[in-house]
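Coordinates in review
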Protein chains: 2
Amino acid sequence: MKNREAARANLENLYRIFTVPESPDSTLGAIDQAIAADVAGFLQTHIVAIERSLDEIEVHFASATIPEEPTYVSEYTEFVKAHLVAQSVHTAAPGFVGHMTSALPYFMHPLARLMTALNQNLVKVETSKAFTPMERQVIAMLHHLVYRFDDDFYPPWIHNSMHALGAFCSGGTIANVTALWVARNRLFAPDGAFGGIAQVGLGSALRHRGVDGVAVLVSERGHYSLGKAADLLGLGRDNLIKVPTDANNRIDLKLLREECRRLQDRNILPLALVGLAGTTETGNIDPLEALADFAHELGCHFHVDAAWGGPTLFSDRNRSMLRGIERADSVTIDAHKQLYVPMGAGMVVFRDPTALSAIEHHANYILRHGSKDLGSHTLEGSRPGMAMLVHAGLSIIGRKGYELLIDMGIERSRTFADMIRQHPDFELTSEPELNILTYRYCPKAVQQVLATATADQRSGINELLDQVCQLLQKYQREAGKTFVSRTRLRVARYGMELTVLRVVLANPLTTDEILVAVLAEQCEIVRLPEIQVLLQQVAERCTLAETQER
Amino acid sequence: MKNREAARANLENLYRIFTVPESPDSTLGAIDQAIAADVAGFLQTHIVAIERSLDEIEVHFASATIPEEPTYVSEYTEFVKAHLVAQSVHTAAPGFVGHMTSALPYFMHPLARLMTALNQNLVKVETSKAFTPMERQVIAMLHHLVYRFDDDFYPPWIHNSMHALGAFCSGGTIANVTALWVARNRLFAPDGAFGGIAQVGLGSALRHRGVDGVAVLVSERGHYSLGKAADLLGLGRDNLIKVPTDANNRIDLKLLREECRRLQDRNILPLALVGLAGTTETGNIDPLEALADFAHELGCHFHVDAAWGGPTLFSDRNRSMLRGIERADSVTIDAHKQLYVPMGAGMVVFRDPTALSAIEHHANYILRHGSKDLGSHTLEGSRPGMAMLVHAGLSIIGRKGYELLIDMGIERSRTFADMIRQHPDFELTSEPELNILTYRYCPKAVQQVLATATADQRSGINELLDQVCQLLQKYQREAGKTFVSRTRLRVARYGMELTVLRVVLANPLTTDEILVAVLAEQCEIVRLPEIQVLLQQVAERCTLAETQER
């Protein structure tokens, strides 16, 4: 009897949590508002993170056992506020300039909530209805941004039940994988008795064409997702050919040509040439026109990874930097980067509106032939209605609004590059083309020594400066006031790989004053004894180099 | 001068949309509340969809041109309410029992908003901090749910900087792809001079092992994501061997053995055996113990796709149906299914805590060796903090709460199966094992005729009933009061593929009364002249069959 009562009480509690509160005064309504207020408070605080080590945080996430008993929402909310929200990274802070995150337009928050509440599944029309035409429109708009086909091109394709102009993905990685998947399947399309790679696999495909492998070519600045794609698609990471770059981090066309000759000698077929429109580490843009020409000459797929730089196409002033992108067979653009949409939204568009047929698939219960279900042309299955937030961004901000954001970021990175050039203690290690640049702590006097030092002296000094850079970045991150990231980059001037600081300037709330403060804080941090020891060694080696020179 | 003023005004507007409103009385605050109210209103309406054709909806999403000028948030919100929210599918409606969606616990809404506002990126600690240990804990909890290792197993692994116990994904498709990717790379691991498939590709790997291909084996009820995985990974769809099922939609072990012999004859290596724990179409569970034994015999990877049925492990009463799952090398569980989390959350866990090393990757600017960055072991790159919503579900609902949900769904589908069996006009076409069943419109009298009819008579009648079923489902969906899905399924009793209605009973708000209403509505719909014509033909064929029998 008591058990039955307890069971009924449990059941009632369960129903309650699945029921939408009728009024904001209800317990859940109140918690809802409290969370909203907490979020607002968090977002108005302009620090990057609280200084606390990961070890201390892990203590609160240590158990592998799922709790037996339910917890009150209010109790859980308190836990989340103390141990998750307070210990998360303020990726929207104007001083967080180290990675590709930014403040989001505020309207994204209520719309994201709306999206979650509607919980549409874009894999099929039956669970998304209006969201399907909406996503198809978003893809068409991005397609148009890239390819600028005439207005009369789109009506037959945009809502075509047999085709999709592109694929909406969880991010740029899936977008890049999808592009190369399509390229691979088109290279080994069905042909007479050969059933096509999708059907019979890569082993048979290589035998059919009489080649020993297939390769993808990209500059050494290519995103690491391309390595994953080469592994995943069965090409092998060794067949992702990473071509060295010139002094401006752009693919070296002469070396590219040489690599292609070597592939031919090894009986390896070039599957795709990948151009970068905004490299992840330096924001530079490959010579896309020349790459389009060369891909044409090779007869291979030309993919442009514009995950970062794609939205530069919004800008009348800066669009020309991407000239040639309209000749790409496929283009990746991330929405959760410079379209200012929350995390989890990437896209790939294809010049040929039938290209995605190469990966088309069906099932009995959904994705039937001739349905408008978007799932028949995507790598992912069930997917949320994230396209709605892109639709909102494009509608509310508009082409001109995005243009302003893009132009501002480029302008600001030029300003920051000037600050670094003029500062006695820093060295610019890559010129900003878009809104990304790299630099390092390296006083002008040391730069002068390095300019004339021997290769040995140079590498000795640079290795010490690498350590300075690494510690500098670490202590700045841990202090949590501002944040820059770091990477390792071959710097042409020194002919060697250096550890450098990396800054991404996409947050419109980042001001010049904040950038001044970032440098000032770094000058503070290098005064730490641990770093001073290293700088002392740098000074000694410099003296030695100068003495030897005389 | 005027231009400069206009530019400044544009800039100010832009700053405004990126700034968190200070008070709920501000314009954006008011819009925020209006959207929340609209969502609540939508969720309290218990219909599935408004009757409107896709063509009519597409009119509002027809342009491929990105708007030049910005739009007011308020104006856009009105558009969204009229053309997107009102025309979306109410996937949470208790009468929407056709697909794997359900009402969500209400607390998911404010927490999802919180997640969006924090906009963490789980690819690396630098953009997620506390979210990384939190996600690691969630994966460990699911790992423990499946494998039940001792408590002392977890501490060395859960926050291990070199390994991950599983991967959090955008959904079950990526989870299944990840599992098979790991299996493939482990089968062709580096070995002496052979660099491993990840490095040298599938062609060299096949040559190294001296085989002509690799295959994955699964029952014909396997999810379509496995076909995509076979294509993507270079195996080829022909090498996804779909083994027929028994009368209960479970893999036929004898036929499985025969298929393996045939593979051997063709010099094709079995890469993985996939067991299903809750097939998408019928919810049945493969004999996992027997499959574990057989995979051991073959020496191949054993993957269990428990995207749907995994949470059955919460239930003391029903857990035993999945016996053998703890012997799987990898297991997929979707959180956006029976963990009642919004769309976009799947997971795969691996028995061997070092298994994911097979797909490990690094980059210079993130995912450095020895970092706890989760991105070094995932197919996806940048990812949102969806794990937080799983963490919330596990904490707030608890093991016992999920048990109640699972038990209720199974109970309800048994009740519904009884209703169908007892109804004069319907035929059950698959027995519910979990909370999914299929049935069709087929009056008892017709069932009796079919039982003794010749093969020709049977297929003639069944083809007509297929058409009835298809129209019935279509008209019910279009009416928008309730919703069931349909699929095509080989039904053992008739030895042929039939079109059937499919019902998924995971929404705790679905009552027996609603299920009665679903059947009643279907009895109404078959009275439409278009369907009556078909049923008339069925009746004529039945009479003919009976006459011939006598």
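Now for a description of the structure that goes with this document. (Residues numbered from 1 in each chain as written. Chains lettered and ligands numbered in written order. Predicted model: local features only at pLDDT ≥ 70, side-chain atom pairs only at ≥ 80, totals over all residues. Heavy atoms only, no water.)

Digging into the sheet that holds strand 3 (residues 240-243) of chain A
Residues and elements named next belong to chain A. Spatially, the seven strands line up as an open sheet ordered 1-7-6-5-4-2-3, and their pairing is mixed. A single partner strand is all that each edge strand has here, and the edge strands are strand 1 (166-169) and strand 3. On average, each strand axis in the sheet is inclined to that of its neighbour by 20 degrees, with strand direction left out of account. In the sheet, strand 1 pairs with strand 7 (residues 346-350) via four bridges, with the strands oriented antiparallel. Considered in strand 7, the bridge of cysteine 169 is made with glycine 346. (Pairing = 2+ DSSP bridges. Helix = DSSP H or I, 4+ residues; strand = E, 2+ residues; numbered from the N terminus. Axes fitted to C-alpha atoms, helices over the stretch in contact; angles between N-to-C directions.)

Comments concerning the interface of chain B and chain A
Think of interface size as the accessible area that goes away when the parts come together; that is how it is often given. In this complex, chain B contributes 167 residues to the contact, which on the side of chain A involves 167 residues. For the chain B and chain A pair, buried surface summed over both sides reaches about 15000 Å², with 64% attributable to carbon and sulfur atoms. Counting the surface chain B buries against chain A, the share from its top three residues, B:Phe18, B:Tyr106 and B:Tyr365, is 6%. Put simply, chain B and chain A have twelve salt bridges between them. (Contact = heavy atoms within 4.5 Å. Buried area = accessible area lost by both parts, 1.4 Å probe. Salt bridge = Lys/Arg side-chain N within 4 Å of Asp/Glu carboxyl O.)

Description of the environment of A:Gln120
The topology assignment puts A:Gln120 in the loop between helix 5 (108-118) and helix 6 (131-147). As for A:Gln120 and A:Val500, which are separated by 380 residues in sequence, their C-alpha atoms are 43 Å apart. Ignoring anything within four residues of it in the chain, the contact list for A:Gln120 reads A:Met115, A:Thr127, A:Ser128, A:Lys129, A:Phe131, A:Arg383, A:Pro384, A:Gly385, B:Ser88, B:Val89, B:Thr91 and B:Met343. A distance of 3.0 Å separates a polar side-chain atom of A:Gln120 from the backbone oxygen of A:Leu118. One polar contact links the side chain of A:Gln120 to the main-chain carbonyl oxygen of B:Val89, over a distance of 2.6 Å. (Polar contact = N/O pair within 3.5 Å; in protein donor to acceptor, adjacent residues only side chain to side chain.)

Let's talk about helix 8 (residues 172-187) of chain A
Taking 1.5 Å of rise per residue, the 16 residues of helix 8 of chain A would be expected to cover 22 Å, and the 22 Å separating its terminal C-alpha atoms lies within 8% of that figure. Most of helix 8 of chain A sits out of view: 14 of its 16 residues are buried. (Expected span 1.5 Å × (residues − 1). Buried < 20%, exposed > 50% of the residue type's maximum accessible area, 1.4 Å probe, protein only.)

Thoughts on the packing of helix 6 (residues 131-147) of chain B against helix 14 (residues 387-396) of chain B
All names here are of chain B. The interhelical angle for the contact between helix 6 and helix 14, taken along N-to-C directions, is 55 degrees, at an axis separation of 9 Å. Taken together, the axes of helix 6 and helix 14 lie oblique to each other. Like other packed secondary-structure pairs, helix 6 and helix 14 cross with a definite hand, here left-handed. For the pair formed by helix 6 and helix 14, the contact residues are Phe131, Met134, Glu135, Gln137, Val138, Met141 and Leu142 on the first element and Ala387, Met388, Val390, His391 and Leu394 on the second. The residue inventory of the contact of helix 6 with helix 14, partitioned by class, reads nine nonpolar, two polar and one charged. (Parallel < 35°, antiparallel > 145°, perpendicular 65-115°, else oblique. Left-handed = near helix turned anticlockwise from the far one by under 90°. Nonpolar A, V, L, I, M, F, W, Y, C, P; charged D, E, K, R; others polar.)

Observations concerning the sheet that holds strand 10 (residues 485-491) of chain B
Residues and elements named next belong to chain B. Across the sheet, which stays open at both edges, the four strands sit in the order 8-9-11-10 with antiparallel pairing between neighbours. Where the open sheet ends on each side, the last strands, each with one partner, are strand 8 (426-430) and strand 10. On average, each strand axis in the sheet is inclined to that of its neighbour by 45 degrees, with strand direction left out of account. Alignment of strand 8 against strand 9 (residues 436-441), held across four bridges, turns out to be antiparallel. Residue pairing across strands places glutamate 427 opposite arginine 440, the latter belonging to strand 9. Across the sheet, helix 15 (residues 398-422) lies against strand 8, strand 9 and strand 11 (496-504), angled at about 15 degrees from strand 9, the strand it touches most.

Scope: geometric values only; no functional claims are made or implied.
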